[in-house]
Amino acid sequence: MAKEASFDIVSTVDMQEVDNAFQQAKKEIAQRYDLKDSGAEITLDKAKGQVGIAAPADFVAKQVMDVFGSKLVKRGIALSALSWGEPVAATGGSVRRTGTVINGIEKETASKISKDIRDTKLKCKVQIEGDKLRVTSASRDTLQEVIAFVKGRDYGQPLQFTNYR
């Protein structure tokens, strides 16, 4: 029997690129005429993978989110890699928002991806291994079909395909 081929489905974000995008966004917020003296502020906690925005109004907070989002896209990070929480009212009528960088595939999402691949009736095995999925098959063509299938679906976060052998 031929050796089985496999690949992993993962969801990882390069935190250095997020930090670079954060630095660029911070600089633009300090220089843009409509945001310069508005009191808007953006923070990044690399260890927790959280982005914080403090702004005098929800409209200004959304502008800061757009600036940060544009910097992320320029650095090759999908906007779906960031999950924004609801706006929280702070003192003086200001608003705070917290965004979390999604790293790894959650169990529910992994189960959904696994079920969707199994429902295609392709001859392959899918195993959930922590925060990634391993897909194995005797045929590399089958693995290519699985990759094309998963790329065509939206699971709410960016997915990468690694260790293809």
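The sections below set out a description of the structure shown in this document. (Residues numbered from 1 in each chain as written. Predicted model: local features only at pLDDT ≥ 70, side-chain atom pairs only at ≥ 80, totals over all residues. Heavy atoms only, no water.)

**Here's the deal with the pairing of strand S2 (residues 41-45)**
- Of the two faces of S2, only the one carrying Ile42 and Leu44 is buried; Glu41, Thr43 and Asp45 on the other face are not.
- Pairing of S2 with strand S3 (residues 50-55) involves 5 bridges; the strand directions are antiparallel. Of the residues in S3, the one forming a bridge with Ile42 is Ile53. (Buried < 20%, exposed > 50% of the residue type's maximum accessible area, 1.4 Å probe, protein only. Helix = DSSP H or I, 4+ residues; strand = E, 2+ residues; numbered from the N terminus. Pairing = 2+ DSSP bridges.)

**Concerning the sheet that holds strand S1 (residues 5-10)**
- Pairing is antiparallel in the open sheet, where 4 strands are placed in the order S7-S8-S1-S9. If you trace the sheet from one side to the other, it starts and ends with strand S7 (125-129) and strand S9 (160-162), each paired once. Put simply, the sheet's adjacent strands are angled 25° from each other on average, direction ignored. (Axes fitted to C-alpha atoms, helices over the stretch in contact; angles between N-to-C directions.)

**Re the environment of Gln16**
- With respect to the secondary-structure elements, Gln16 resides in helix H1 (residues 15-31).
- Along the sequence, Gln16 and Gln31 sit 15 residues apart, while their C-alpha atoms lie 23 Å from each other.

**Digging into the pattern of salt bridges**
- All told, the structure shown has 11 salt bridges when counted by the stated rule.
- The closest approach of N and O atoms between Glu17 and Arg75, which form a salt bridge, is 2.8 Å. Pair noted here: Glu17 is in helix H1 and Arg75 is in the loop between helix H2 (58-74) and strand S4 (82-84), with a separation of 58 residues, a long-range link.
- The exposure class of Glu17 is partly exposed, given its relative accessible area of 21%.
- Linking Lys112 and Asp116 is a salt bridge whose minimum nitrogen-to-oxygen distance equals 3.7 Å. With Lys112 and Asp116 both in helix H3 (residues 107-119) and 4 residues apart, the pair spans about one turn of that helix.
- Judged by relative accessible area, Lys112 falls into the partly exposed class, the value being 43%.
- When salt bridges that share partners are traced, they join Glu28, Arg32, Asp34 and Lys71 into one network. (Salt bridge = Lys/Arg side-chain N within 4 Å of Asp/Glu carboxyl O.)

**A look at the packing of H1 against H2**
- It is at 8 Å that the axes of H1 and H2 come closest, and there the two elements cross at 135°. Considering their axes alone, H1 and H2 lie oblique with respect to each other. By crossing handedness, the relation of H1 to H2 is classed as right-handed. Here Val18, Ala21, Phe22, Gln24, Ala25, Glu28 and Ile29 of H1 lie close against H2, whose contacting residues are Val64, Val67, Phe68, Lys71 and Leu72.
- Of the residues assigned to the contact of H1 with H2, the class counts are 9 nonpolar, 1 polar and 2 charged. (Parallel < 35°, antiparallel > 145°, perpendicular 65-115°, else oblique. Left-handed = near helix turned anticlockwise from the far one by under 90°. Contact = heavy atoms within 4.5 Å. Nonpolar A, V, L, I, M, F, W, Y, C, P; charged D, E, K, R; others polar.)

**Notes on the pairing of S3**
- Counting the residues in the hairpin turn of S2 and S3 gives 4 residues, including Gly49, whose phi is positive at 70°.
- As judged from the 6 bridges shared by S3 and strand S6 (residues 95-101), these two strands associate in the antiparallel manner. Considered in S6, the bridge of Gln50 is made with Thr100.

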